Amino acid sequence: MEKHISLAPENSLICSNLLFLERGKTWSRVWVTIPRNEPLVLYLQGSIQDGRTIRAIPLPGYEVSLPCATEKSDFKYVFRLSQSQLNLFFSAEDEETLMKWIEVLTKAAKGEVTVAEERLESL
């Protein structure tokens, strides 16, 4: 039996709209959330309204960082999730949102569960 994952803001540890880039593709706006009932999994969704999950990313083992100088971007508040040869880039609306995502993702990548709830719904 498939379990239902609710990606709604009220069921999330942290969530917001972010721009997303995977190598060889173009930036796209996605709804990004870490559900309370799966605090070590990052979900990407096309938009909060369409309900279509693009991707589930188990975070333990990923490294969270800012892009290096050679990885130029048109966006200012960019961070990277990387594991082996896979690099996923995200761009936040502002520095505060960037720092909250980096903090929560860094803990989850180490297998630590974030207990503080961070909702960034206004983005």
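Reading the values: the criteria
Residues numbered from 1 in each chain as written. Predicted model: local features only at pLDDT ≥ 70, side-chain atom pairs only at ≥ 80, totals over all residues. Heavy atoms only, no water. Helix = DSSP H or I, 4+ residues; strand = E, 2+ residues; numbered from the N terminus. Buried < 20%, exposed > 50% of the residue type's maximum accessible area, 1.4 Å probe, protein only. Contact = heavy atoms within 4.5 Å. Phe/Tyr/Trp six-rings, centres within 6.5 Å; stacked < 30°, edge-to-face > 60°. Core = buried A, V, L, I, M, F, W, Y, C linked by side-chain atoms within 4.5 Å. Expected span 1.5 Å × (residues − 1). Polar contact = N/O pair within 3.5 Å; in protein donor to acceptor, adjacent residues only side chain to side chain.

**Q** Give me the side chain of Arg-80: which residues, what numbers.
**A** Its location among the elements puts Arg-80 in strand 6 (residues 78-83). Its relative accessible area of 13% is what places Arg-80 among the buried residues. Those residues in contact with Arg-80, other than ones at most four positions away along the chain, are Glu-63, Val-64, Ser-65, Leu-66, Cys-68, Glu-71, Asn-87, Leu-88 and Phe-89.

**Q** Hey, could you go over the packing of aromatic side chains for me, with residue numbers and the actual values?
**A** Tallied over the full model, the rule gives three aromatic pairs. Taking 5.3 Å as the distance between ring centres and 15° as the angle between the ring planes, the aromatic pair formed by Phe-79 and Phe-90 counts as stacked. Of the two residues, Phe-79 sits in strand 6 while Phe-90 sits in strand 7 (residues 86-91), which places them eleven residues apart along the sequence. Phe-90 shares its class with Phe-79; the two are buried. Connected via pairs of aromatic rings, a cluster forms that spans Phe-20, Phe-79 and Phe-90.

**Q** Please set out unusual backbone geometry residue by residue, giving values where relevant.
**A** Look at Ser-84: it is not a glycine, yet its phi comes out positive at around 55°. Relative to the helices and strands, Ser-84 resides in the loop between strand 6 and strand 7.

**Q** So, the nonpolar core: which residues are in play, and what are the values?
**A** Residues Ile-34, Leu-42, Phe-90 and Trp-101 are the most contacted members of the largest nonpolar core, which totals 25 residues. If you list the elements that add at least two residues to this core, you get strand 1 (12-22), strand 2 (28-35), strand 3 (41-45), strand 6, strand 7 and helix 1 (95-109). Here this core gets seven residues from one element, more than from any other, and that element is helix 1. The residues contacting Leu-42, other than those within four sequence positions of it, are Val-32, Thr-33, Ile-34, Arg-55, Ala-56, Ile-57, Leu-59, Leu-81, Phe-90, Trp-101 and Leu-105.

**Q** So, helix 1: which residues are in play, and what are the values?
**A** The terminal C-alpha atoms of helix 1, which comprises 15 residues, lie 21 Å apart, in line with the 21 Å expected from a rise of 1.5 Å per residue. By the burial criterion, the buried members of helix 1 are Thr-97, Leu-98, Trp-101, Ile-102, Val-104, Leu-105, Ala-108 and Ala-109. Of the surrounding elements, those touching the buried residues of helix 1 are strand 1, strand 2, strand 3, strand 5 (63-65) and strand 6. With a side-chain oxygen positioned 3.3 Å from the backbone nitrogen of Glu-96, the residue opening helix 1 is Asp-94. Positive phi shows up at Gly-111, right after helix 1, with a value of about 85°.

**Q** Describe the environment of Phe-79, with residues and values.
**A** Here Phe-79 falls in the buried class, since its relative accessible area comes to 0%. A sequence separation of 20 residues divides Phe-79 from Met-99, and the C-alpha atoms of the two residues are 9.3 Å apart. Residue contacts for Phe-79: discarding those within four places in its chain leaves Leu-18, Ser-65, Pro-67, Leu-88, Phe-89, Phe-90, Leu-98, Trp-101, Ile-102 and Leu-105.

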